[in-house]
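One letter stands for each residue in the lines below.
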Amino acid sequence: MTLTKRIIPCLDVKNGRVVKGLNFESIKDAGDPVELAKKYSDEGADELVFLDITASDEQRETIKDLVRSVASVIDIPFTVGGGVKSLEDARNILLSGADKVGINTGAIKNPQVITELMELFGRQCVVVAIDAKRNYSIKENITIFSEDDKKFWFEVYIYGGKEGTGIDAIQWAKKVDGLGAGEILLTSIDRDGTKDGYDILLTKSIVDSVSVPVIASGGCGKPDDMVDVFKKSNVDAALAASIFHYETHGVKGVKTFLKEKKIPVRL
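- The protein has the name Imidazole glycerol phosphate synthase subunit HisF in an unreviewed UniProt entry, where Nitrosopumilus ureiphilus is given as its organism.
- Under the Subcellular location (unreviewed entry) heading, UniProt states for the protein: "Cytoplasm".

As structure tokens, then:
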């Protein structure tokens, strides 16, 4: 039985509005989270991801009331991230109606929280988000790649892409897999908002390094980009924002297109 690939719209939320940026910057408005969530759920999205993108940076909790409102209008699995540092933060998000909790900065600061979340809520609830960016300053004990005669590695970033950690993304993915993550949400900062397609090299490298499902994120500009990432890496799901928010493509149309290209999806 072939597992179907999941198509996941993403709501990046700032000040109660869905926004979209370029390389995690130049943010512009994209609509109302509750309206968009309902639309995507009705159109046949497999899951929904809601990221409160300034919560960690602003040292505050995720906006629970908004999470509750979104949860009330959808009937698909719902992942919420942003500002999660503790078991209490995660519990609040799950009690507000989320099915899974996304954690990035909090996991880097305290890796053990991944195991604690898994033990309390179950592995399926724990989504570790990894925001990675190419770094051309080579150092020791990292996974080195080469493209166009240039050597680089993938560095993990935190606080919504604002701060580099010096941590190798491939090694970190293996570590979070071992600590109890149920899934990895992998975003290429280099590709974010560019519509140039997913970073296949990064995605394939992470997928091949871990035993848990991986969601590809960052760079989707057209349905062909999803075909590309599914065919060239064994990634489990493709996340996109711009193509859905600005109505260049609907979820249903994208899935029909993928089906025609022999990608197993649930229509």
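**Side note on the side chain of Arg134**
1) Next: By the secondary structure assignment, Arg134 is in strand β7 (residues 126-135).
2) Next: Overall, Arg134 belongs to the buried group, its relative accessible area being 14%.
3) Next: At a separation of 3.0 Å, a polar atom in the side chain of Arg134 contacts the side chain of Asp199.
4) Next: Beyond its immediate stretch of four places on either side in the chain, Arg134 contacts Glu147, Phe152, Trp153, Phe154, Asp190, Asp199 and Leu201.

**What to know about the UniProt feature "active site" (unreviewed entry) in the protein**
1) Next: Taking the UniProt record as the reference, the feature "active site" (unreviewed entry) is found at Asp12 and Asp131. Maximum C-alpha separation among the annotated residues is 13.8 Å over a sequence range of 120 residues, consistent with a single clustered spot.
2) Next: Mapped onto the secondary structure, Asp12 falls in strand β1 (residues 6-14).
3) Next: Setting aside chain neighbours within four positions, we find Asp12 in contact with Arg17, Val18, Val19, Lys20, Leu51 and Ile53.
4) Next: Taking the relative accessible area as the measure of exposure, Asp131 reaches 9% and is therefore buried.
5) Next: Engagement of the side chain of Asp131 in a polar contact is seen with the side chain of Asn104, the distance being 3.1 Å.

So, how was this worked out
Residues numbered from 1 in each chain as written. Predicted model: local features only at pLDDT ≥ 70, side-chain atom pairs only at ≥ 80, totals over all residues. Heavy atoms only, no water. UniProt positions renumbered as here; feature names shortened; annotations may be inferred. Helix = DSSP H or I, 4+ residues; strand = E, 2+ residues; numbered from the N terminus. Buried < 20%, exposed > 50% of the residue type's maximum accessible area, 1.4 Å probe, protein only. Polar contact = N/O pair within 3.5 Å; in protein donor to acceptor, adjacent residues only side chain to side chain. Contact = heavy atoms within 4.5 Å.

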